[in-house]
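# Descriptive structure summary
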Amino acid sequence: MANENLMSKRWLIAIAGIVIQLLLGTVYAWSVFVKPVMAANNWTQAEVAVVFMIIIGVIGVSAAFGGMLVDKKGPKFAATTGVILYGIGVILGGVALKAGSIWLLYIGYGVIAGIGNGLAYVVPIATLIRWFPDKRGLITGLAVMGFGLGAFFIGKIVPGLILNIGVANAFFVLGIVYLIGNTLAALTLKNPPTGWLPDGFTPSASTVSAADSFSWAEAKKTPQWYMIWGMLFLNVSAGMGLISKLSPMAQDVYRVAQNITDPAQLAILGGGVLAWASIFNGLGRLFWAAVSDKIGRKNVFMIMFLTQALLYFYTPFVTSPIIFTIIACYLLSCLGGGFAVMPAFAADSFGPTYIGKVYGFVLTAWGAAGVIGGLVFAKFTVQPALWTAAVLLCAGFVIALLFKRPQHVSHYRAAKPGGKKK
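Description of the structure in this document. (Residues numbered from 1 in each chain as written. Predicted model: local features only at pLDDT ≥ 70, side-chain atom pairs only at ≥ 80, totals over all residues. Heavy atoms only, no water.)

Glancing now at the overall build of the protein chain. The secondary structure content of the protein chain amounts to 16 helices and zero strands. Here the protein chain has a C-alpha radius of gyration of 21 Å; the compact-globule value for 422 residues is 22 Å, and the two agree. Expressed as lengths along the three principal axes of its C-alpha atoms, the size of the protein chain is roughly 65 × 45 × 35 Å. For the protein chain, the residues scored as buried account for 57% of the 422 residues in total. With the model as given, the accessible surface of the protein chain reaches about 16400 Å², and the carbon-plus-sulfur share is 70%. Within the protein chain, the 11 negative side-chain charges are centred at a point lying 7 Å from the centre of the 29 positive side-chain charges. (Helix = DSSP H or I, 4+ residues; strand = E, 2+ residues; numbered from the N terminus. Rg over C-alpha atoms; globule rule 2.2 N^0.38 Å. Buried < 20%, exposed > 50% of the residue type's maximum accessible area, 1.4 Å probe, protein only. Areas by Shrake-Rupley, 256 points an atom, 1.4 Å probe, with all protein chains shown as cover. Lys, Arg positive; Asp, Glu negative; His and termini not counted. Charge placed at Lys NZ, Arg CZ, Asp CG, Glu CD.)

This paragraph deals with helix 9 (residues 223-258). An ideal rise of 1.5 Å per residue puts 52 Å on 36 residues; helix 9 measures up with 51 Å between its terminal C-alpha atoms. Its axis deflected by about 60 degrees at leucine 246, helix 9 carries its strongest bend there, up to four residues before the proline proline 248. For helix 9, a buried count of 28 out of 36 residues is recorded, marking the element as mostly surrounded by other parts of the structure. Remark: asparagine 259 follows helix 9 within two positions and exhibits a positive phi of approximately 55 degrees. (Expected span 1.5 Å × (residues − 1). Bend = angle between axes of the 7 residues up to and from the residue.)

Here the focus is the pattern of salt bridges. Side-chain pairs of opposite charge can arise where the charged atoms are in close proximity. Throughout the structure, instances matching the rule amount to four salt bridges. Across the pair aspartate 252 and arginine 255 runs a salt bridge whose closest N-O atoms are separated by 2.4 Å. Linking aspartate 252 with arginine 255, this pair stays in helix 9, spanning three residues, or about one helical turn. What makes aspartate 252 partly exposed here is its relative accessible area of 38%. On the basis of relative accessible area, arginine 255 is assigned to the partly exposed category, the value being 33%. (Salt bridge = Lys/Arg side-chain N within 4 Å of Asp/Glu carboxyl O.)

What follows covers the packing of aromatic side chains. Under the definition given, this model contains 19 aromatic pairs. When the centroid spacing of 5.3 Å and the interplanar angle of 85 degrees are considered together, the rings of phenylalanine 214 and phenylalanine 350 count as edge-to-face. Here phenylalanine 214 is found in the loop between helix 7 (167-186) and helix 8 (216-219), whereas its partner phenylalanine 350 is found in helix 12 (residues 321-350), with 136 residues between them in sequence. One exposure class covers both phenylalanine 214 and phenylalanine 350, and it is buried. Centroid distance phenylalanine 313 to tryptophan 387: 6.3 Å. Interplanar angle 50 degrees. Geometry classified as tilted. Here the residue phenylalanine 313 occupies a position in helix 11 (residues 297-314), and tryptophan 387 occupies one in helix 15 (residues 382-402), the gap between them amounting to 74 residues. Look at phenylalanine 313 and you get partly exposed, because its relative accessible area is 34%. One aromatic cluster is present, formed by Trp30, Phe33, Tyr109 and Phe171 through successive ring pairs. (Phe/Tyr/Trp six-rings, centres within 6.5 Å; stacked < 30°, edge-to-face > 60°.)

Ranked by internal contacts, the top residues of the largest apolar core, which has 140 residues, are Tyr28, Trp30, Phe33, Val37, Tyr109, Tyr312 and Trp366. Setting aside anything within four residues of it in sequence, one finds tyrosine 109 in contact with Val27, Trp30, Val51, Ile55, Gly89, Val90, Gly93, Leu104, Gly114 and Phe171. (Core = buried A, V, L, I, M, F, W, Y, C linked by side-chain atoms within 4.5 Å. Contact = heavy atoms within 4.5 Å.)

Moving on: the packing of helix 3 (residues 45-73) against helix 9. Contact geometry for helix 3 and helix 9: axes closest at 11 Å, N-to-C directions at 140 degrees. As the angle between them shows, helix 3 and helix 9 are arranged oblique. Crossing of helix 3 against helix 9: the hand is right-handed. Residues Gln45, Phe52 and Ile56 of helix 3 lie in contact with helix 9, whose contacting residues are Met240, Ile243, Ser244 and Lys245. A per-class count over the contact of helix 3 with helix 9 returns four nonpolar, two polar and one charged. (Axes fitted to C-alpha atoms, helices over the stretch in contact; angles between N-to-C directions. Parallel < 35°, antiparallel > 145°, perpendicular 65-115°, else oblique. Left-handed = near helix turned anticlockwise from the far one by under 90°. Nonpolar A, V, L, I, M, F, W, Y, C, P; charged D, E, K, R; others polar.)

Have a look at this one:
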């Protein structure tokens with residue numbers, strides 16, 4: 001295929017990747033479902049909170065296997081497998097609500113949908129990094145921007161959908177939409193030809209080339225891989241904890257500030273805050289990724305960690321719905337920004353050839369953070385939870401400050417001559 005055609009084709013593949021991420025990202029809107037799910041079967045908030053912790057934990061673990069799968073079987077197979085499982089899991093969530101079984105909700109929506117989401121999540125990222133070596137930060141930002149914006153659409157659509165057809169039927173409708181839309185997009189994904197480079201692009205001397213890329217076995221021997229894992233873990237722990245309780249927290253602010261007691265009105269207002277914050281979750285992914293192309297991935301993480309820590313310390317004292325919404329928008333822009341910048345950070349450090357597996361295992365930090373962040377916000381009251389998140393972010397700032405790019409891969413290969421890549 002002519003290079004001109006490949007230059008056009010890569011943007012079509014980028015659109016397909018964004019669609020997949022958009023529909024997968026609807027998982028972030030779980031807080032919109034919390035109260036309707038509780039009311040449908042008289043489940044407690046603690047029981048329902050477990051659902052979000054399970055799905056995020058499973059996503060992070062299965063993303064590592066998604067990274068291996070995309071490297072071995074290619075993006076089309078890996079993405080299609082994942083999105084089908086995700087759609088089936090969401091439909092099983094509706095079955096669980098109809099049957100009144102919290103355990104089926106844990107297994108269907110939490111485990112099966114989580115496995116599918118994690119398998120599919122890493123595929124567009126790994127694929128587009130290979131198609132866009134000249135725009136690595138921008139393209140990963142665009143890809144994961146879709147994941148952040150998914151919750152915006154759900155935050156706007158689901159409250160009305162639940163009122164009209166019920167929460168269980170809402171799961172059925174969404175599951176079918178995810179199955180059809182994601183499968184069509186997944187079938188378009190493919191890798192570029194071996195050795196292909198965009199027109200006019202020459203890798204810089206500081207860029208790890210395809211030939212010099214670290215395998216997973218080599219990357220895990222470096223302290224930098226664990227530092228990258230730690231940065232993602234700490235950033236996501238704070239953000240996922242916040243997003244799991246954002247709608248209820250917003251409702252509490254509105255209740256006190258405007259003396260609103262109607263649960264339906266509060267639910268709509270809380271969903272509105274979640275929707276606005278989700279827009280910035282998506283836009284922040286594009287913004288911070290583009291900034292990282294200019295000032296570097298490390299500097300972006302240092303800025304995000306420090307500013308978030310200050311805001312998490314301040315947020316418990318906020319009584320204005322407008323100020324609360326602005327802060328929530330910024331904090332979720334940093335959550336999204338971390339997801340957008342980290343793939344390029346990993347590719348800059350370890351190269352693009354084995355990025356599916358190398359970055360897939362980095363994403364286990366996402367799963368661990370979803371559980372830790374969820375537990376912190378579920379077990380603590382608002383002020384201790386937010387201040388704990390601030391402390392985690394301060395630790396992230398220190399790690400980012402100390403980070404230095406790993407030595408050339410030949411240094412690690414020399415330590416074990418004849419070592420076989422895995």
